[in-house]
Every structure is written in C-alpha cells, then in structure tokens.
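# Structural description and commentary
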Amino acid sequence: MDRGTLNRSRILWVILLVYFAHALAWVFLLPPWQGPDEPGHYEYAHLLAQLRHPPHRHDAQQDVQARIIRSLDRWDFWRLTGQPRPTPLPTSFDQHPFLRRSGTQLGNETPLYYVIPALFTRLTGDPARACRFARLWSVLLGAWVVFLAYRSARYVWPNNTTLQHLFPLTVALLPMPTFIHATFNSNVLADVWGALFFTSAWGWLRRPRVSRREGAIYLILSLGALLIKRTTLLLLPLAPWPLYARTRAHIRGRPLLARIAILLLILPLLIPHIPTWAADWYKGRTHRPAARVPVHERGDDHALLLTSQGPHRPRAYVTQVLGPSALSELRGRTVVLQARVRALAQPTWACISVIDARGRSDACAWATSTWRTWSLIHPISPASPYVQVVFGLGNPHEWGAPGALLVDDAALRPLYGTRNYLKNGDIERPLNRFAYVLHRLQWHTSPRAGIREHLVHWLLAAAVLFTSFWGNFGWLQYPLPIPVYVLLALLSAWSVGQWWRWWRRLPPGPERDVWTFTGLAGVWFLSAMLLAAWRVDWLPQGRYMFPALLPLVALGLQGLYTAWPERYRARFPHVVLTALLSMAIGALLLYGMAL
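Let me sum up the structure you'll find in this document. (Residues numbered from 1 in each chain as written. Predicted model: local features only at pLDDT ≥ 70, side-chain atom pairs only at ≥ 80, totals over all residues. Heavy atoms only, no water.)

A count of helices and strands for the chain gives 21 helices and twelve strands. Roughly 27800 Å² of accessible area belongs to the chain as shown, and the carbon and sulfur atoms make up 62% of that amount. (Helix = DSSP H or I, 4+ residues; strand = E, 2+ residues; numbered from the N terminus. Areas by Shrake-Rupley, 256 points an atom, 1.4 Å probe, with all protein chains shown as cover.)

Turning our eyes to something else, we now look at helix α6 (residues 115–123). Turning to α6, its buried residues are P117, A118, F120 and T121. The arc that holds every buried residue of α6, seen down its axis, measures 155°, which confines them to one face. Along α6, the residues that are exposed and aim more than 90 degrees away from the buried face are R122 and L123. Tucked inside the fold, the buried residues of α6 contact α2 (38–51) and α7 (127–156). (Buried < 20%, exposed > 50% of the residue type's maximum accessible area, 1.4 Å probe, protein only. Arc of directions from axis to C-beta. Contact = heavy atoms within 4.5 Å.)

In the structure shown here, the tally under the stated rule is 31 aromatic pairs. Between the aromatic rings of W33 and Y42, the centroid separation amounts to 5.8 Å while the plane-to-plane angle is 85°, which identifies the pairing as edge-to-face. With a centroid separation of 5.9 Å and 70° between ring planes, the pair formed by F77 and F98 is classed as edge-to-face. Of this pair, F77 sits in helix α4 (residues 77–80) while F98 sits in helix α5 (residues 97–102), placing them 21 residues apart in sequence. (Phe/Tyr/Trp six-rings, centres within 6.5 Å; stacked < 30°, edge-to-face > 60°.)

Across all of its chains, the model carries one disulfide by this definition. Shown here is the disulfide that connects C351 with C364, its sulfur atoms set 1.9 Å apart. One disulfide, between C351 and C364, carries an S-S torsion of 110° and so falls in the right-handed class. In this pair, C351 sits in strand β6 (residues 348–356) while C364 sits in strand β7 (residues 359–367), placing the two residues 13 residues apart along the sequence. For C364, a relative accessible area of 31% puts it in the partly exposed group. (Disulfide = S-S within 2.5 Å.)

In this section: the environment of L304. One can find L304 in strand β3 (residues 302–308). Through-space distance from the C-alpha of L304 to that of E428 is 9.7 Å; in sequence the pair is 124 residues apart. Once residues within four sequence positions are removed from consideration, L304 is found in contact with A278, W281, A290, A291, R292, V318, L405, L406, V407 and I427.

Within the fold, T121 resides in helix α6. Spatially, the C-alpha atoms of T121 and A45 are 7.1 Å apart, while their sequence positions differ by 76 residues. What T121 contacts, discounting residues up to four positions off in sequence, is Y42, A45, H46, A49 and A130.

Okay, the pattern of salt bridges next. The final tally for this structure, using the stated rule, is nine salt bridges. The partner of R135 in a salt bridge is E38, and the shortest N-O contact between them spans 2.9 Å. Of the two residues, R135 is situated in helix α7 and E38 in helix α2; the sequence distance between them amounts to 97 residues. Of the two residues, R135 and E38, both sit in the buried class. In this structure, the salt-bridge partner of E109 is K229, at a minimum N-O distance of 2.7 Å. With E109 in the loop between α5 and α6 and K229 in the loop between α11 (212–224) and α12 (240–251), this residue pair connects regions lying 120 residues apart in the sequence. Taken individually, E109 and K229 each receive the classification buried, so the pair is uniform in this respect. (Salt bridge = Lys/Arg side-chain N within 4 Å of Asp/Glu carboxyl O.)

In this structure, W157, F167, V171, F198, W515 and F517 are the most contacted members of the largest nonpolar core, which totals 121 residues. With 15 residues, the single largest contributor to this core is α7. The residues contacting F167, other than those within four sequence positions of it, are A149, S152, A153, W157, L550, V553, A554 and L557. Of all hydrophobic cores here, the second largest spans 35 residues; its members include W281, L304, V354 and Y421. (Core = buried A, V, L, I, M, F, W, Y, C linked by side-chain atoms within 4.5 Å.)

Let us look at the packing of helix α8 (residues 161–173) against helix α21 (residues 572–594). With their axes 10 Å apart at the nearest point, α8 and α21 run at an angle of 5° to one another. Judged by the angle between their axes, α8 and α21 are roughly parallel. Only F572, P573, V576, L577, L580, L581 and A584 of α21 make contact with α8, whose side of the interface consists of T162, L163, L166, L169, T170 and L173. Class assignment of the residues belonging to the contact of α8 with α21 gives a composition of eleven nonpolar, two polar and no charged. (Axes fitted to C-alpha atoms, helices over the stretch in contact; angles between N-to-C directions. Parallel < 35°, antiparallel > 145°, perpendicular 65-115°, else oblique. Nonpolar A, V, L, I, M, F, W, Y, C, P; charged D, E, K, R; others polar.)

In this section: the packing of α7 against α8. The N-to-C vectors of α7 and α8 enclose an angle of 160°; their axes lie 8 Å apart at closest approach. Judged on the interaxial angle alone, α8 and α7 are roughly antiparallel. Of the two possible hands of crossing, α7 and α8 adopt the one that is right-handed. Contacts between α7 and α8 pair V145, V146, A149, Y150, S152, A153 and R154 from the former with Q164, H165, F167, P168, V171 and A172 from the latter. (Left-handed = near helix turned anticlockwise from the far one by under 90°.)

Structurally, D362 is set in strand β7. Along the backbone, D362 and S375 are 13 residues apart, and their C-alpha atoms lie at a distance of 9.3 Å. Of the polar contacts made by the side chain of D362, one reaches the side chain of S353; its length is 2.4 Å. Among the polar contacts made by the side chain of D362, one reaches the side chain of R360 at a distance of 3.2 Å. (Polar contact = N/O pair within 3.5 Å; in protein donor to acceptor, adjacent residues only side chain to side chain.)

Taking 1.5 Å as the rise per residue, α8 with 13 residues should run 18 Å; its terminal C-alpha atoms sit 19 Å apart, in good agreement. The element α8 is largely enclosed, with a buried count of ten among its 13 residues. The residue sitting at the N-terminus of α8 and contributing the capping side-chain oxygen is N160; that oxygen lies 3.2 Å from the backbone nitrogen of T162. (Expected span 1.5 Å × (residues − 1).)

This brings us to the pairing of strand β5 (residues 334–343). Counting buried residues along β5, seven of its ten residues qualify, which places the element largely inside the surrounding structure. Note that β5 and strand β10 (residues 403–414) share eight bridges and pair antiparallel. Note on β10: the bridge partner recorded for A343 is L405. (Pairing = 2+ DSSP bridges.)

What follows is the structure, encoded as structure tokens:
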C-alpha cells in the first residue's frame, strides 16, 4: 500500500469516526419512540417476524399495539410530544388522535429495511430495547451514505482534494440527516439507495468508458428504486440523464436509436405495480388509493378492504366517480349497481350507494361472514354532471360503524344492458407505482379552499420543508432557533446563486454533465415536494429529500466555495467545519436541555 492510499484510508476512518460519534450521540440521547413514526416501524418489524410475510393493514393486531402503547407510556411519550396523558391508556393506535394522525406503515412499506429489526423483535420482548437495537442498524446503514459521499467526491471534484474531504464530513455532521439515521426509520434505506444511485450516475458521467458491468449496476440501481420506498421513486425520472449524456452524440441523426432509447426510458414506468392498492378505487375523505387483499377462499381473487374502529370515527368508505364517456352514455338511464359483500369477522352494518345530481340511492343491510350479492336501482338525471359509486361501513348520514368489510365484483350496468361502466370492477388490477406517485403529486384541493388559502398553505409547507431539512428533532417538537434558520436560508440562497453563475461558465464536457445532472436532481426533488405540498391536507418533511442528500450537499458546497475569496481559500474548510460542528453540538445540547 503506497503512502497516498494509506493517507486516504486514514482520512476515511476519521470521517467515519466523526459520523459514528455524532449518530451514536443521538441514539442514546433520544428517548425511545421519539423518532418519526417509530411506533409504526416497530409494529411492522414485529408483525414481519411473527407472520413471516410483509404485513398489510388487515394484519394489525390490537395486542401488539397495546404493548407498544404501554411502552410509550413508560418512556414519557405523551409529555415529550406535547400530548396530555390519556387515562385510561388506549389499546390501539386508532384510539389516540396523535397516533392515528401519524398513520401506519403496514401496507405502505417494502420489507427490505425491516428484516434485521424483525430479528431484534424476536430476540427481546421489550419493544423499547428492540427500538434501540434497530437504531443501531440504522446507524450502520447511515455509515454507507457517508462512505458513498467519500467515494463519489472524486467524481464530482476530481482535482480538488479540499472538497473531496469536506464533502463526506459535511454529510456526517449535518444534524437532521444524522438524526434520522439514528432512529428506527426505513428512510435510511432510501437514503443509502439514493447515495448508491448518484455515485453510480456520477461515475457514468465522469469515466471515459463504461463497462457492461457498470451499466448493469446502474440499471439495477435505477429499477431497484421501485422496491425501496416511495421517496426513491423520485430517482426514476433522473435515471435517463446519464444515459442521454453519454449517447447523445451517437443518437443525433439516427432516429432508430432515438426510438430505442425512448422505449428504454419509458419501459420501467410500465412494468411495476403496487399489488396492495387497487386502481381506480379511492378511500373517502382522503382520496387515496383503496387497499385490496387476497381472498383466499376464492383462489387468486382480490377484494377491496374497508376497516373502521367506529362509532366515534368518521365513516369508512371507498368510491369511484365515472369518467366523462361513461357519464355521457348513462345520463337519463336507469342503472343497476351490484357487488359481492361480506364482513371480514363480526357482522357489520354496510351500504352500497349511487349518487348523482338528482340524489342518492342506498342499499343498506347487515353484512355477515358469508358472501352475498347486493344490488340497487337508480335513475340517472339527464343533466347530471357526475355519477359516484360508494361502498361504506355504517349509515351514510351518520358516524362510522366498527368492523371490517370486503367488497368484490362490483358492476354498474344499465337496467337492460350488460356493459359494466365501473373501472376495475373485479378489483384484480393493481395500481401502477408511477401512476400512484403522479396521483399523490397532483393538486388535490378542497372545494372550500380558495387560491389564497392554498398559497398560504404552500408557503407554510415550503417553510416546513426547509426547516425540517436542517433540523427539527424529537417528532417535530424541538426545532432549532429561528435566527439559525434565517441564516441558513440566506446562505442557501446565496450558494445556489453562486453555483448557477459558476455552472453557466463551464465548457461542454464531462464536468458540465456532472453538474447539470446534480442541479437537475436538486431541482427535481425540491419541485416534487413543493408540488405535493399544494394539497391542503399534507406538509412535506425534509427527510423525504434525503435520497438526494449527496447532490444537494454538493450544490451547496460548490456554491459556497465559488463565492469564497480566493486569497482566503485555505480557511474555507476550517470555517465550514467549525459551523457544522457548532450546529451539530448545539442541536444535541438544545435537545438534551428540552428533555
């Protein structure tokens, strides 16, 4: 081993030691269950170990949730999250507003991150101890992000050793990414995958030649984003850029090659799907895709699943609104709605409904554990601007009823016709993953909210996104002081402006391609979050952008380095490291004082 290689190895170990010291400080300072969604992540890991298959929403077990809630109480969860202690303690997440609002991980996550934490839940019966062990697993995964930052720096700055070393140190010392990587949270696996993706992409753009093995790795990393987490799906639109940058000189003037390239780009969007969500069916109130589950007694068939804890919960229902062509054909005609219905366990009161401008028709009865075909007849108004089909638990005009309901083989037909005007009536077609992402990113707006309300909400969402990227600890309870955010906002805006001026002067070549791709990654992730934030019922979190942590940090560092006076360049790393250490230690002290 030559002296240069030995020195690089020592530098890498120093950087990793800095990261481990920072991350482990958070692991042992942070009380159990104070990381974002840790109760839900533990529930997923526990059920994965118990069931030996990825758990879905209908696999939730009340005794498991009751055990988690007792552990929350032992670790002072209510006070630390600003909640009054409930008396008596709830026995399920749905019985407490904060836990219900935080949602569930069941049916929303792939099991890849949870395999090791599932082992911890089997080794110890104490949920809090398993939570701490899982945090150590997250820390080890987070170390890969730092290592990949070190490896990728040579592609981004091949001739600048100062930034090559400062880049991974910045990643290791940023408070919020390290905080997330020190919690029981599947986001860390998405961050590792994003770091792998950008390291491979930068290598593609920088190397004179790309081997077949490197090309296969890049393809696997691009398509593998489909299997990690919803946030890694945002990597897919970026995947074609390195391919385009490397082949654009060969494609020009060759239409056949151009068509093949376009086909390769759109092919990943057509293959994947989400098997647990049904296409074209949406849950009431939230307008999110409805869950579907296999119906084992009917072979490979699936059914829509409705669950409600009632009676003090809003009514659970799924809905579908007819499209323009179906609506035009059914106006002025009488239709028949049919569906097969059964209760999942105990009998429950349920209704099927058709709604249009004329009014609504309901067929309500007790659903039992036996499949039965329900039907109703409804005349559609000749001038109705919409027709809506609804399947729900409980009375349509009251609060929900407790229970679980399965709905299958839904059909809306003319009274004397055979055509089914419902999409996906047999519930067999799962939702395409990319269709799901686009659906979540479209502008869902409340009819009662005007442009002013949406604009105010969007500005609030942008502020939440920015502050939670830099530091907002303890399940959103302990932010940094406001002056720190103001200073960071000014520095961020200044560094982006300086990077833009520097990038415009770059000549065509690999370096410009690398930085064009880096800038596109930053703009795309930021735009995706802010577009999703236009909705009035959702606020983005900075941790959703951490799969693009490496390009975001690279953009900031290059912008600051460009703006730094050349005669003081030797002091640049000292100033940056001092600021990062101060912020990291300050965040730990502030959080410790708040406990």
